[in-house]
Structure formats: structure tokens, C-alpha cells
Amino acid sequence: MSEPLLEVEGLRKHFVTTKGLLRRRRVTVRAVEDVSFAIGAGEAFGLVGESGCGKSTAARALLRLIEPDAGGVRWRGEDVLAARGARLKALRRRMQIIFQDPYSALDPRQRIGAALTEPMRVHAIASGAEARRRAAALLDEVGLPPAVLDRYPHEFSGGQRQRIGIARALTLEPELIVADEPVSALDVSVQAQVLLLLRELRRRRGLAFLFVSHDLSVVRWFCDRVAVMYLGRIVEEGPAARVLAQPLHPYAQMLRDASPVPDPARRGTLPRIRGEIPSAAAPPPGCPFHPRCPQAIARCTGSLPRWTALPAGQGGVACHLHG
Amino acid sequence: MRADGAASLTWIGGLLCLAVLLAALLAPWIAPFDPAEQSILDRLQPPGGDHWLGTDQFGRDILSRLLWGARISLTVSLGAIGLAMVVGGTIGLVSGYIGGRLDLFTMQVMDVLLSFPSLILGLIVVALLGPDLVNLVIAIALTAIAPFARIARAPTLSLKERAFVEAGRALGYSHARILFGHILPNILPEVLVMATLWLATAVRVEASLAFVGLGPKPPTPTWGGMTRDGFETILDAPWLAVFPGLAILLLVLGLNMVGDGLRDATDPKLRHE
């Protein structure tokens, strides 16, 4: 990785809500506490973790769909968080998103053709017949016929809608696509088709991906590098093969061991995961994972483990056992 | 599938509304007499003969006055509801989309407006501004703004959380484009159904205001005004009050039937995609 496309540094996002009917109190949910990573051009970077660990929030914050509280996001060295107006609009062309739920991702009252040509008109890329021709070409690229242009979203299945959503993300010819659980709402057979499509697009267009998922097998198949998140922090990061096969952090090990293996001989051998993910409104002191960690030592309750880089491009880990 | 009975009621309502609309449009050509022409010799004629629906105490033809009066009823109610729909709908859309304190404040103002019965609010405004046609439209529109703001805001709150709104922002769309190009088309069916139902209320409020003397000045014929004038002779010549009263009833009924039908047709639970 020579020059990173996207650099995220110390990203933080807290949500403040008020709770209680009579005695109202402010509750701060620390969705993203301190997240840093970088994605190179054409690289697929996976962000994994349980639901509620902050991975989707982090992805939205770097796209400015949510305003982060602190930290930095740089696109080819340019400050994304400081961008306003035309600068921000230009940056939006470079980064696009595809969503988990294909049913809510499309405007139900807009024909597919209009949904695909509107971004081109807004960014003055193309209009009229030219925009329509481009839209048809994009549909072809995601495996749908041009007749789709004149139809409404409700006429399509979840997998087809996801393809349309992917085509829409490509209208502005981005260099990075944030894929937020892009296949987890789809049938297993359709999941494979959509994943193959994404990999094909990545190969053909040289796209970089931030791939947010809780499915380790999908991430391992799709991504070059992966970061494991727990309670708003990255606990381990590195090449996908290394992190998912020989993780160092006890939480990453637990995730690996909890993934089903398609082997009848190993039926019923999944180890149980201990405990529940703590509330991000009241994270435990010290290492956030220590209450569930089978290898916790005295230091884990007292202090937050520092990030330790591993040698030879193997990434890094935040754990007292490896500090 | 909806019951056939409900569907035919919608059609009957539609025909009633169409009949009133045609009467209003064609009044200059189909009215047998000049609605303001007085004739002492023909005063208080019962229905039948030259005057199908009889004459009033000045000898004016009631049918002709009803046909011309339909114009006032429709102009005022359509104008008022059109105005309320645009103003109230925009308030609801913007307030729901922006959210936060502004939304809280706006909706509390709307709640205060809602707490006045339409007739009382209309009375106050017309009494303050004076009873001409434009003020009537404004007065009735004011009573209907709050319901339109509410009906526009509720679906906006849920729509703005949908991924396609987030997609629009990621694609660099302006807030105005998202709001009026993507959220508005999705709430329009609800707002239009509401408009049909509120048209009936507007007709009623206009008639009520005319009935208490806050309508357009005589000799302009209005249904509410005619009912009031006929009240004085209701025992001797009931047709003076009965026919305009019936006209109000049929128009309100027709609008309600159309509104109910449209509401059922756009109900997502009944609609099959």
C-alpha cells in the first residue's frame, strides 16, 4: 500500500439521549470511541464485529452521513470532515455506499431510470438520452436488462433491488464503496450472486471497498485486510487470512471459533460465547472486553491496552497479553 | 379486495361532486333565471310551474340561486383547502425533516391551532378581516393548516430514516431535492385524501359562516345565506331553507364518500402491490 486512498484517524461518535420519564437523565452511547484505519486504492478492507459494536456508525461517519465528534478523515490527503458545499459534493463522488436493506434503499415512487440518472444530472455528468444510455450500461454491468429502467422498485426482488442499489452507487464512478452488510438481508443463494458481482466490479473497475459485515466467512473471501471492532474500538487489524485464521486478540479468537464450519463431522462443536456485549452507554473500565475474556489478567481491569503493531505487515492488536 | 358496496359508495359520492361541479361551471347557461332578479308578483311561489324549486321572499328563482351559489361554495372550499394543503403540508414536511426543537415548537403551535373548533376560528378571522371572498378563503384555510401539517409530518418522520434518504445525501443531493423530490411524492397520496375529506368540512364551515351572516354580501347567492334567509319563513314556505340545506348536505356527503374511498384505496394494508 503506497499512498492510502482513505485515512481514518481517532474517529469518535457519541450519541446523547435522555432517558426516564420523571427523573430525566442524559445517557451517552459511545458508539464509536477511537477508530483508526487506512484503505489503499483498490483494496478491500473489512470491518467486523457483533451488532452494536459501532461498525456501521463508523462507516457512516466517514461518509459524513453522520457528523463525527472527533477524529480525522482524509481522502487522498484532503480533509473530509472540513469539506463544505462544492468541496463536499465533489468528495461524495469519490465515495459511495450500498445498504443492508435493499427494500428501503430505493425511493418507492421513483422509476429505476430516474433513480440512476438523477445523480448524473445533479453532478452534471450527463443528462437526457446520454444519461439514460449510461444508466442502461450500468444495469447491464450489474446483470439487469435495460427494460428495468421504466419499472418501479416494488416490481423487483431483494437481490434485484440490491443490484439496482449497486448500479446507483456506480453512477458517479466512485473509487471507494462502503458496503454496509450488503448481503446479510438476502437469501443465501442470492448472497453468493451479489458477492460475485461485487468482486467482479472490484476487479474490473479497480474499486476499493470498506466492507462492513458480521459474517467472517464472507469477509475472509472478499477482503484483503480486516479490522475487528468491539464496543467502538478496533481490537485487532491485519491481513484477512491472518486475522481470521490466527487471531491474537481473545475476542477475535472467540469470533473465529463461533463461526460455523461446514463439516458434518464437527457438528455441535461450536464453543459457547460467554456473556453479552456490554452496553455502549456504560462500557466497562480498562479493556472493554475484560468481563467476557477467558484470558483476562489483573491489568485488564485497570488500564486500556495500547495498540501494538506486529512485525512484517501483520497488522496490530490492542491487548495486554500481546503488549 | 374491497367490498363492492364500499366501491359503489365512492362512485355515488364522485357523481354527487361532479354534479355540483358541473352546476357551478355551467350556471350562467343552465340557470333558468337571473339569480338576483326580483319579482314582487312571483314571491314565495311553491315548487313547480315555471320555478321548479319555487321562489324566495323577493321572488327570486331558487334553482338559479342554488346553481350560482355552488360557485361560491366550491371556490371558497377549493381555494381554502388548496391554500391549507400547500402551507400546512410544507410546514409539516420541513418541520418533520429538520426535527429537534424547531419541530417541537412548530407542532405545539399547530396543537394550539387545532384546539380551536374550525367554525370558531373561522368566525374570529372573518370578524377581524371582514367578510369578503378572499378573507373567507384565508379564514377557512387557517382552520385546516394544522391538520395538514400533522398529516404531512408523521410519514416524513419515518421516511427520513429510510436508506434512500441517506443514499440521496451520499449522492450529494441537496436537502430541498430530498425533501421535495423524494419525500413529498411519497406522502402526497395521504395529503390528497386528507384534502378531499377536509373539502367537506370547508363547505360546511363556509355555509355556517354565511348562515350567521359572515358570508359574501347579498345579493350574491350562497347556500348558507339562502338557508338563513329561508329560516324566517320555514313554517309557511319550507322550500326556501330546505333546498339549499339539501344542496349542502349532498355536497358534504359526496365529498366524504369520495374521501373515504380514496383513503381505503391508498391504505397500504389494503393495497396490493
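For clarity, every value in this text was computed on a predicted model and none was experimentally measured.

Participant: Help me understand the overall build of chain B in this model?
Facilitator: Assigned secondary structure in chain B consists of nine helices and zero strands. Reading chain B from its N end, one meets helices and strands in the order α-α-α-α-α-α-α-α-α. The principal-axis extent of the C-alpha atoms belonging to chain B is close to 75 × 45 × 30 Å. Buried positions account for 45% of the 273 residues belonging to chain B. Sequence separation of at least 24 residues holds for 71% of the intrachain contacts in chain B that already meet a minimum separation of 6.

Participant: Just checking my understanding: could you explain the UniProt feature "transmembrane region" (unreviewed entry) in chain B for this structure?
Facilitator: Residue and element names in this part refer to chain B. UniProt records the feature "transmembrane region" (unreviewed entry) for residues 12-31, 72-100, 112-130, 136-152 and 234-255 in the present numbering. A helix fraction of 100% and a strand fraction of 0% characterise residues 136-152, whose end C-alpha atoms lie 24 Å from each other. Annotated as 77% helix and 0% strand, the span residues 234-255 places its first and last C-alpha atoms 27 Å apart.

Participant: Hey, could you run me through the packing of helix 5 (residues 133-159) of chain B against helix 7 (residues 175-211) of chain B in this one?
Facilitator: Residues and elements named next belong to chain B. Between helix 5 and helix 7, the shortest axis-to-axis distance is 9 Å and the interhelical angle comes to 155°. Considering their axes alone, helix 5 and helix 7 lie roughly antiparallel with respect to each other. By crossing handedness, the relation of helix 5 to helix 7 is classed as right-handed. Across from Leu136, Ile140, Thr143, Ala144, Pro147, Phe148, Ile151, Ala152, Pro155, Thr156 and Leu159 in helix 5, the residues of helix 7 making contact are Ile183, Asn186, Ile187, Glu190, Val191, Met194, Trp198, Ala202, Val205, Glu206 and Leu209.

Participant: Before we go on, may I ask you to explain the interface of chain A and chain B in this structure?
Facilitator: The accessible area lost on association of the parts is a frequent measure of interface size. Contacts between the two partners involve 20 residues from chain A, matched on the other side by 14 residues from chain B. Put simply, the parts of the chain that give the side of chain A that touches chain B at least two residues each are helix 2 (85-94), strand 6 (95-98) and helix 3 (112-122) of chain A. Residue composition of the side of chain A that touches chain B, by class: ten nonpolar, four polar and six charged.

Participant: So what exactly am I meant to see when it comes to the packing of helix 4 (residues 118-129) of chain B against helix 5 of chain B here?
Facilitator: Two quantities define a packed helix pair, namely the angle between the helix axes and the distance between the axes. Residue and element names in this part refer to chain B. As a packed pair, helix 4 and helix 5 sit with axes 8 Å apart at the nearest point and diverge in direction by 145°. Read as a crossing pair, helix 4 and helix 5 show a hand that is right-handed. Taking contact as the criterion, the partners of Ser118, Leu121, Gly122, Val125, Val126 and Leu129 in helix 4 are, on helix 5, Asn135, Leu136, Ile138, Ala139, Ile140, Leu142 and Thr143. Among the residues forming the contact of helix 4 with helix 5, the class breakdown is nine nonpolar, four polar and no charged.

Participant: It is not clear to me how the pairing of strand 1 (residues 4-19) of chain A should be interpreted in this structure. Could you clarify?
Facilitator: All names here are of chain A. Examined bridge by bridge, strand 1 and strand 2 (residues 25-40) share twelve bridges and lie antiparallel to one another. Of the residues in strand 2, the one forming a bridge with Phe15 is Val29. Sheet topology places strand 1 next to strand 4 (residues 70-75); five bridges connect them, and they run antiparallel. If you follow Glu9 over to strand 4, its bridge partner there is Gly72.

Participant: How should helix 3 of chain A be read in this particular structure?
Facilitator: Helical geometry: 3.6 residues make up each α-helical turn, so side chains three or four residues apart lie on a common side. Residue and element names in this part refer to chain A. Listed as buried for helix 3 are Ile112, Ala115, Leu116, Thr117, Glu118, Pro119 and Met120. In the core, the buried residues of helix 3 are packed alongside helix 4 (128-141) and helix 5 (158-170). Once helix 3 finishes, Ala124 follows within two positions and takes phi at roughly 55°, a positive value.

Participant: It is not clear to me how the nonpolar core should be interpreted in this structure. Could you clarify?
Facilitator: Counting residues in each nonpolar core, the largest one holds 160 residues, and the members touching the most others are Leu210(A), Phe211(A), Val228(A), Val235(A), Ile140(B) and Ala144(B). Tallying contributions element by element places helix 7 of chain B first for this core, with 17 residues. Those residues in contact with Leu210(A) that sit more than four places away from it in its chain are Ile39(A), Phe45(A), Leu47(A), Ala59(A), Leu176(A) and Val178(A).

Participant: What is the right way to read the pairing of strand 8 (residues 208-213) of chain A from this model?
Facilitator: In summary, the side chains of a regular strand alternate between the two faces of the sheet. Residue and element names in this part refer to chain A. In terms of residue burial, strand 8 counts as a mostly covered element, since six of its six residues are buried. What you see with strand 8 is no split at all: Ala208, Leu210 and Val212 on one side and Phe209, Phe211 and Ser213 on the other are buried throughout. Both strand 3 (residues 44-48) and strand 8 contribute to a ladder of five bridges, which runs parallel. Note that in strand 8 the partner of Ala44 across the bridge is Phe209. Here strand 7 (residues 176-180) pairs with strand 8 via five bridges, running parallel. Bridging from a neighbouring strand, Ala179 pairs with Phe211 of strand 8. Assessed by its sense of winding, the connection that carries the chain from strand 7 through helix 6 (residues 188-205) to strand 8 is right-handed.

Participant: Just to check I follow, could you spell out the UniProt feature "domain: ABC transmembrane type-1" (unreviewed entry) in chain B for this structure?
Facilitator: UniProt tags residues 70-259 of chain B as "domain: ABC transmembrane type-1" (unreviewed entry). Summarising residues 70-259 of chain B: 84% helix, 0% strand, and an end-to-end C-alpha distance of 20 Å.

Participant: Which parts of the structure should I look at to understand the UniProt feature "domain: ABC transporter" (unreviewed entry) in chain A?
Facilitator: What UniProt calls "domain: ABC transporter" (unreviewed entry) maps, in this numbering, to residues 16-256 of chain A. The distance from the first to the last C-alpha atom of residues 16-256 of chain A is 33 Å, and the span holds 39% helix and 25% strand.

Participant: How should helix 3 (residues 100-115) of chain B be read in this particular structure?
Facilitator: The terminal C-alpha atoms of helix 3 of chain B lie 23 Å apart, and with 16 residues this matches the ideal 22 Å at 1.5 Å per residue to within 8%. Where burial is concerned, little of helix 3 of chain B is hidden: one out of the 16 residues are buried.

Participant: What is the right way to read the environment of Gly46(A) from this model?
Facilitator: All names here are of chain A. Within the secondary structure, Gly46 is located in strand 3. As for Gly46 and Asp224, which are separated by 178 residues in sequence, their C-alpha atoms are 7.7 Å apart. Among all residues touching Gly46, those that are not within four sequence positions of it are Phe211, Ser213, Val219, Cys223, Val226 and Ala240.

Participant: How should unusual backbone geometry be read in this particular structure?
Facilitator: Backbone geometry follows two general trends: most residues other than glycine have a negative phi, and most peptide bonds adopt the trans configuration. All names here are of chain A. At Arg76, a residue that is not glycine, the phi angle is positive and equals roughly 45°. Take Arg76: it is sitting in the loop between strand 4 and strand 5 (78-79). We classify Arg76 as partly exposed; it has 14 C-beta atoms within 10 Å. In this structure, Ala312 takes a positive phi of about 60° despite not being glycine. Looking at where Ala312 falls in the secondary structure, it is placed in the loop between strand 11 (308-309) and strand 12 (316-317). Owing to 5 C-beta atoms within 10 Å, Ala312 belongs among the exposed residues under this scheme.

Cut-offs applied
Residues numbered from 1 in each chain as written. Chains lettered and ligands numbered in written order. Predicted model: local features only at pLDDT ≥ 70, side-chain atom pairs only at ≥ 80, totals over all residues. Helix = DSSP H or I, 4+ residues; strand = E, 2+ residues; numbered from the N terminus. Buried ≥ 20, exposed ≤ 12 C-beta atoms within 10 Å, placed from the backbone. Contact = placed C-beta atoms within 7 Å. UniProt positions renumbered as here; feature names shortened; annotations may be inferred. Axes fitted to C-alpha atoms, helices over the stretch in contact; angles between N-to-C directions. Parallel < 35°, antiparallel > 145°, perpendicular 65-115°, else oblique. Left-handed = near helix turned anticlockwise from the far one by under 90°. Nonpolar A, V, L, I, M, F, W, Y, C, P; charged D, E, K, R; others polar. Pairing = 2+ DSSP bridges. Core = buried A, V, L, I, M, F, W, Y, C linked by C-beta atoms within 7 Å. Right-handed = clockwise from strand over helix to strand, strands pointing away. Expected span 1.5 Å × (residues − 1).

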